[in-house]
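Coordinate analysis (summary)
Here is what each chain is made of, one letter per residue.
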Amino acid sequence: MSTPEQKLTELGLTLPEVVKPVAAYVPTVRTGNLVYTSGQVPVVEGKPAATGKLGGEVTLEQGYEMARICALNALAALKAEVGDLAKIVRIVKVVVFVASVPTFTDQPKVGNGASDLLGEVLGEAGKHARSAVGVAALPLDVPVEVELIAEVG
């Protein structure tokens, strides 16, 4: 059975450095056996991977990929907090914020990018409850933001 880190390698992915907060908060908070991540945006090498709104400048396919990047950044934050992704017992909850035009209603399909990545990397432990909501704007004008709650052992 592969470890989450081995799964990442098999998928051709590398955990990035933890994205530096853009305001007054920390990347994660642990309380008991739960770790909450702050909202993770699709930042790659210090820059937004895309900007704009779903249903406007950003396609559904691009939004899905941005959600995957957000989830990868959230996994990096979790690993920094707990030391090893194998300590994740379960992803309990995922919240996906999608900056979108008022007529865009496929927020759940965008959120699947994050959910699919978590399932691919963590298997059964990656199955979770989720909310995907449309918002008017997100920090740095990114199209997607993802936060996680993880149970760790």
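See the structure above.
Values in this document were obtained by computation on a predicted structure and should not be read as measured data. (Residues numbered from 1 in each chain as written. Predicted model: local features only at pLDDT ≥ 70, side-chain atom pairs only at ≥ 80, totals over all residues. Heavy atoms only, no water.)

**Quick word on the environment of Ala150**
Within the secondary structure, Ala150 sits in strand β7 (residues 144-152). Ala150 gets classed as buried once you look at its relative accessible area, which sits at 0%. Taking the C-alpha atoms as reference points, Ala150 and Leu75, separated by 75 residues in sequence, lie 9.8 Å from one another. (Helix = DSSP H or I, 4+ residues; strand = E, 2+ residues; numbered from the N terminus. Buried < 20%, exposed > 50% of the residue type's maximum accessible area, 1.4 Å probe, protein only.)

**So, the sheet that holds β7**
Within the open sheet, the 5 strands sit side by side as β1-β2-β7-β5-β6. Their pairing is mixed. Only two strands of the sheet have a single partner each, and these edge strands are β1 (28-31) and β6 (129-135). The average undirected angle you get between the axes of adjacent strands in this sheet is 15°. Two strands pair when backbone bridges link them, and strand β5 (residues 88-99) and β6 are joined in this way by 7 bridges, in the parallel orientation. (Pairing = 2+ DSSP bridges. Axes fitted to C-alpha atoms, helices over the stretch in contact; angles between N-to-C directions.)

**Examining the pattern of salt bridges**
Under the defined criterion, the tally for this structure stands at 5 salt bridges. Of the charged contacts in the structure, one is a salt bridge between Lys79 and Glu5, with a shortest N-O distance of 3.2 Å. With Lys79 in helix α2 (residues 60-82) and Glu5 in helix α1 (residues 4-10), this pair connects stretches of sequence that are 74 residues apart. Notably, a salt bridge pairs Glu10 with Lys7, separated by 3.8 Å at the nearest N-O pair. One end of the pair, Glu10, and the other, Lys7, are both in helix α1, 3 residues apart, so they sit about a helical turn from each other. (Salt bridge = Lys/Arg side-chain N within 4 Å of Asp/Glu carboxyl O.)

**Digging into the side chain of Gln107**
Along the chain, the position of Gln107 falls in helix α3 (residues 107-122). Contact partners of Gln107, with chain neighbours within four places excluded, come to Val98, Ser100, Ala132, Val133 and Gly134. (Contact = heavy atoms within 4.5 Å.)

**Looking at a nonpolar patch on the surface**
Together, Val22, Tyr25 and Leu140 make up a nonpolar patch on the protein surface, roughly 270 Å² of accessible area in all. Looking at where Tyr25 falls in the secondary structure, it is placed in the loop between α1 and β1. By relative accessible area, which is 36% here, Tyr25 ends up partly exposed. (Patch = residues over 30% accessible without salt bridge, like charges linked within 9 Å, V, L, I, M, F, W, Y side chains within 5 Å. Areas by Shrake-Rupley, 256 points an atom, 1.4 Å probe, with all protein chains shown as cover.)

**Things to note about the nonpolar core**
Leu75, Leu78, Ile91 and Val144 are the most contacted members of the largest nonpolar core, which has 33 residues in total. Listing elements by their share of this core, those giving two or more residues are α2, β5, α3 and β7. The dominant element in this core, judged by the number of residues it contributes, is α2, at 9 residues. If sequence neighbours within four positions are ignored, Leu78 has contacts with Thr28, Val35, Thr37, Gly83, Leu85, Ile88, Ile91, Leu148 and Ala150. Listed in part, the 6 residues of the second largest apolar core include Val19, Val41, Val43 and Leu138. (Core = buried A, V, L, I, M, F, W, Y, C linked by side-chain atoms within 4.5 Å.)

**Concerning the packing of α2 against α3**
Across the interface, α2 lies against α3 with an axial gap of 7 Å and an inter-helix angle of 45°. With respect to their mutual orientation, α2 and α3 come out oblique. The handedness of the crossing between α2 and α3 comes out as right-handed. In contact with Leu60, Gly63, Tyr64, Ala67, Arg68, Ala71, Leu72 and Leu75 of α2, α3 contributes Lys109, Val110, Asn112, Gly113, Ala114, Asp116, Leu117, Leu118, Glu120, Val121 and Leu122. Looking at side-chain class alone, the contact of α2 with α3 contains 12 nonpolar, 3 polar and 4 charged residues. (Parallel < 35°, antiparallel > 145°, perpendicular 65-115°, else oblique. Left-handed = near helix turned anticlockwise from the far one by under 90°. Nonpolar A, V, L, I, M, F, W, Y, C, P; charged D, E, K, R; others polar.)

**Some thoughts on α2**
In this model α2 runs 33 Å from its N-terminal to its C-terminal C-alpha over 23 residues, within 8% of the 33 Å that 1.5 Å per residue would give. Remark: Gly83 follows α2 within two positions and exhibits a positive phi of approximately 90°. (Expected span 1.5 Å × (residues − 1).)

**Some words on the pairing of strand β2 (residues 34-37)**
Residues Val35 and Thr37 point to one face of β2 and are all buried, whereas Leu34 and Tyr36, pointing to the other face, are not buried. Sheet topology places β1 next to β2; 4 bridges connect them, and they run antiparallel. Within β2, the residue paired with Arg30 across the bridge is Val35. In textbook terms, the turn of a hairpin is the stretch between consecutive antiparallel strands, and for β1 and β2 this stretch comprises 2 residues, one of which, Gly32, has a positive phi near 60°. Relative to β7, β2 is paired through 3 bridges, and the arrangement is antiparallel. Residue pairing across strands places Leu34 opposite Glu151, the latter belonging to β7.

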